Amino acid sequence: MQTRIIVLTAVAAAAVAVAAGCSSSKNSPSSPPASPGAGGATSSPAISGTVTVFAAASLKEAFTTLASQFESDHPGSHVKLSFGASSDLAEQINQGAPADVFASASPKNMQQVISAGGASTSTNFVKNVMEVAVPPSNPAHVTSVTDLAKSSVKVALCQPQVPCGAVAAEVFTNAKITVKPVTLEPDVKSTLSKVELNEVDAGMVYVTDVRAAGSKVTGIVIPDNLNASTEYPIAALTKAPHAVGAQAFVDLVLSPAGEAVLSADGFQKP
Amino acid sequence: MSPRRSYPHRSVRESGQRGVPALIAAPALVAFAFLLLPLAALLVRAPWRGLGRLLSESDVLTALRLSLECATAATIAALVFGVPLAWVLARMRFPGLGLVRALVTLPLVLPPVVGGIALLLALGRNGIVGRHLDEWFGITLPFTTAGVIVAETFVAMPFLIVTVEGALRTADRDIEEAAVTLGASRLTVFRRITLPAIGPSLVAGSILCWARALGEFGATITFAGNLPGTTQTMPLAIYEAFEHDPEAAIALSLVLLLVAVIVLVALRDKWLRGPASL
């Protein structure tokens, strides 16, 4: 009996230690920006600690590049990236997720965050247009966006609440076609995955996603008069645990260096 | 999972419940509150006033009906194929039996989304088996209601198998042997003696399997996709609703909470009354 109590105490102590460890590591990102120097913003200020960036799924490649650039510009800093559907990320931020920066694939989702007091202003930094992605073997012989209206073509779209779903709907309206998808995916990258895996005949994704997928999918260009675009706003969040880092990351994205990375990935100027 | 064992010192156990040491009581209370708090929050924050309107939307009813149908179909599939497998695991002796049992229970511990990807690679249009299903029979499972049933069966069937196997293992085999000596065929013995003997476990396992299938999310959205009316079950509808209408998501969650409570009530004889009852 005696030993049993000792074991239990040890277990309880371990549990408390684990819990304490969790909470302290959670707090750590907010403590480091003690380093002053934010006043002289002309040269890069010393930034350390973790900057958390919530970004639309379509920004994955560009922001991954920019994050490592940020980390080498500011030794001791770490950029934590969370990619997902803009609508999902906006909801998470409004529910109190500890993010520093939000980059949305549509002004609408940024507006949701601004209305809830999560950000004061935002800047549109790029725009993105749509393209039809098909598997390299192109099993349904899709040659234009109007082919997606055929019932024999299996099409994957994003959910209508997600920016890529809304922009795709605009393209279909412009082309005066009705498309019956086989699936409505939660974000643009899962739509692309269904094409890469050859499970669907076509998917509506951004130009940048087709470029990022390389040889795994083939892109079919949508004529300018039918195509639609979405603008991407970015904002440093008002409740950012790391306000200095947040602003520095936004500055990098808006800088000529940031623009170069984004345009190399196929993004256009807003 | 060995409900048939008898406990001769039952009175000792019961008397031991009176004085709970503080060292045990405190964490026990924390655990209890931790499990209950989120569910209480769901009830507190539920949009009770608009509940009728939120739940009567046609999308919700479609998702609910699809969920109930698919979970039931998955349970039937699990009964048809899983019970014989449980019998093999409990009664046959062959080398590698332990490995087979481990593999069968793998989906129990595997993250469902991994199951979904695995199903896609096996049964998808480009999958190692699915390719031939498509070529030879023109059958493609992803993005169909049948695909939902496949995903749910994959995830839920092990629950039935494990429950039934446990019952078969502990069932009294003397009666079966007596029947065999009296000239009954193995199939007759299985049908007339074994099945009735494991009846309660069969019911409990089916309910457990059905509940797991009803709640399936990861494998379904990965393998079967998400389309209202065809593959969008309740959990998928809840996930989608949460992105644009959190109140609707809470209302939908309440429905599944209610189903979970009903399942618990149905299982109370099996679980809530301790191990001595079956």
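Each remark here, short or long, concerns the structure printed above.
Residues numbered from 1 in each chain as written. Chains lettered and ligands numbered in written order. Predicted model: local features only at pLDDT ≥ 70, side-chain atom pairs only at ≥ 80, totals over all residues.

**Brief notes about the packing of helix H4 (residues 58-91) of chain B against helix H8 (residues 145-170) of chain B**
Residues and elements named next belong to chain B.
- Remark: H4 packs on H8, axes separated minimally by 6 Å, with the N-to-C direction vectors making an angle of 40°. Classified by the interaxial angle, the pair formed by H4 and H8 is oblique. At the point where H4 passes H8, the crossing takes the right-handed sense. (Axes fitted to C-alpha atoms, helices over the stretch in contact; angles between N-to-C directions. Helix = DSSP H or I, 4+ residues; strand = E, 2+ residues; numbered from the N terminus. Parallel < 35°, antiparallel > 145°, perpendicular 65-115°, else oblique. Left-handed = near helix turned anticlockwise from the far one by under 90°.)

**Comments concerning the interface of chain B and chain A**
- Taken together, the contacts link 16 residues of chain B with 18 residues of chain A.
- Residue assignment for the side of chain B that touches chain A shows that the elements contributing at least two residues are helix H2 (22-45) and helix H13 (234-244) of chain B.
- For the side of chain B that touches chain A, the leading source of residues is H13 of chain B, giving four residues.
- Classifying every residue of the side of chain B that touches chain A by side-chain character gives eight nonpolar, five polar and three charged. (Contact = placed C-beta atoms within 7 Å. Nonpolar A, V, L, I, M, F, W, Y, C, P; charged D, E, K, R; others polar.)

**Some details on the packing of H2 of chain B against helix H14 (residues 246-266) of chain B**
All names here are of chain B.
- For the pair H2 and H14, the least separation of the axes is 10 Å and the interaxial angle reads 125°. When the axis of H2 is compared with that of H14, the two are oblique. The handedness of the crossing between H2 and H14 is left-handed. Residues Leu 39, Leu 42 and Arg 45 of H2 pack against Ile 250, Ser 253, Leu 254 and Leu 257 of H14.
- Counted by class, the contact of H2 with H14 contains five nonpolar, one polar and one charged residues.

**Thoughts on unusual backbone geometry**
- Look at His 141 of chain A: it is not a glycine, yet its phi comes out positive at around 50°.
- By secondary structure assignment, the location of His 141 of chain A is in the loop between strand E4 (123-134) and strand E5 (155-158).

**Let's talk about the nonpolar core**
- Counting residues in hydrophobic clusters, the biggest one holds 130 residues, and the most contacted among them are Val 101, Phe 102, Cys 164, Leu 237 and Phe 249 of chain A.
- Broken down by element, the residue count for this core peaks at 15 residues, all from H8 of chain B.
- Every residue in contact with Cys 164 of chain A, bar those within four places of it in the chain, is listed here: Ala 105, Cys 158, Val 188, Thr 191, Met 204, Val 205 and Tyr 206 of chain A. (Core = buried A, V, L, I, M, F, W, Y, C linked by C-beta atoms within 7 Å. Buried ≥ 20, exposed ≤ 12 C-beta atoms within 10 Å, placed from the backbone.)

**Examining the pairing of strand E2 (residues 77-84) of chain A**
All names here are of chain A.
- Pairing of strand E1 (residues 49-56) with E2 involves eight bridges; the strand directions are parallel. When the sheet's bridge partners are listed, Ala 56 is paired in E2 with Gly 84.
- Running through helix H2 (residues 60-73), the crossover from E1 to the neighbouring parallel element E2 is right-handed. (Pairing = 2+ DSSP bridges. Right-handed = clockwise from strand over helix to strand, strands pointing away.)

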